[in-house]
Amino acid sequence: MDKKFKNLKAWMFEDDKGNLTLAQKPNLPIVIWAVARLLQFVFTNGTFATLLETISFGALFTWAWLELFKGDTPFRRIVGFVVITATIYSKIQ
């Protein structure tokens, strides 16, 4: 059982080189999303707020899409799927 868990852990969280890849430094889409979200606390009304919301959605969607299809590990692809699903759901509810 312990060996199966180690194999599952390696498959789920390690890249092809055996490196643990739970997190990485933020890439451009996630930085753009974070900045846009922070600015939405300052600019809450008007055209600029709408623009920030659109940029925020697009950046997070892009990040999730990249993780879903190009993530290094199954864990990161699952996170991409969850985020893209939640992002779309937030727009259609």
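Keep in mind it's a predicted model, so treat the numbers as computed, not measured.

Trainee: Any chance you could explain the overall build of the protein here in plain terms?
Mentor: On a plain count of helices and strands, the protein comes out with four helices and zero strands. What you see in the protein, going N to C, is helices and strands ordered as α-α-α-α. Here the C-alpha radius of gyration of the protein, 17 Å, is well above what a compact globule of 93 residues would show, namely 12 Å. Each principal axis of the C-alpha atoms in the protein carries an extent, and together these give about 55 × 30 × 20 Å. Taking the intrachain contacts of the protein between residues at least 6 apart in sequence as the baseline, contacts between residues at least 24 apart amount to 47%. Put simply, the protein has 11 plus and 7 minus side-chain charges, and the middle of one group is 1 Å from the middle of the other.

Trainee: Hey, could you run me through the nonpolar core in this one?
Mentor: It is characteristic of soluble globular proteins that their nonpolar side chains tend to be buried jointly. Judged by nonpolar contacts, Ile30, Leu60, Trp63, Ala64 and Ile84 together constitute the single largest core of five residues. When residues in this core are grouped by element, the largest group, three residues, is from helix H3 (residues 47-70).

Trainee: In this structure, what is going on with the side chain of Thr87? I would like to understand it.
Mentor: Structurally, the position occupied by Thr87 is in helix H4 (residues 74-92). Thr87 sits in the buried class, given a relative accessible area of 7%. Among the polar contacts listed, one links the side chain of Thr87 to the backbone oxygen of Val83, at a separation of 2.6 Å. Contacts of Thr87, omitting those with residues within four sequence positions, involve Phe57 and Leu60.

Reading the values: rules and limits
- Residues numbered from 1 in each chain as written.
- Predicted model: local features only at pLDDT ≥ 70, side-chain atom pairs only at ≥ 80, totals over all residues.
- Heavy atoms only, no water.
- Helix = DSSP H or I, 4+ residues; strand = E, 2+ residues; numbered from the N terminus.
- Rg over C-alpha atoms; globule rule 2.2 N^0.38 Å.
- Contact = heavy atoms within 4.5 Å.
- Lys, Arg positive; Asp, Glu negative; His and termini not counted.
- Charge placed at Lys NZ, Arg CZ, Asp CG, Glu CD.
- Core = buried A, V, L, I, M, F, W, Y, C linked by side-chain atoms within 4.5 Å.
- Buried < 20%, exposed > 50% of the residue type's maximum accessible area, 1.4 Å probe, protein only.
- Polar contact = N/O pair within 3.5 Å; in protein donor to acceptor, adjacent residues only side chain to side chain.

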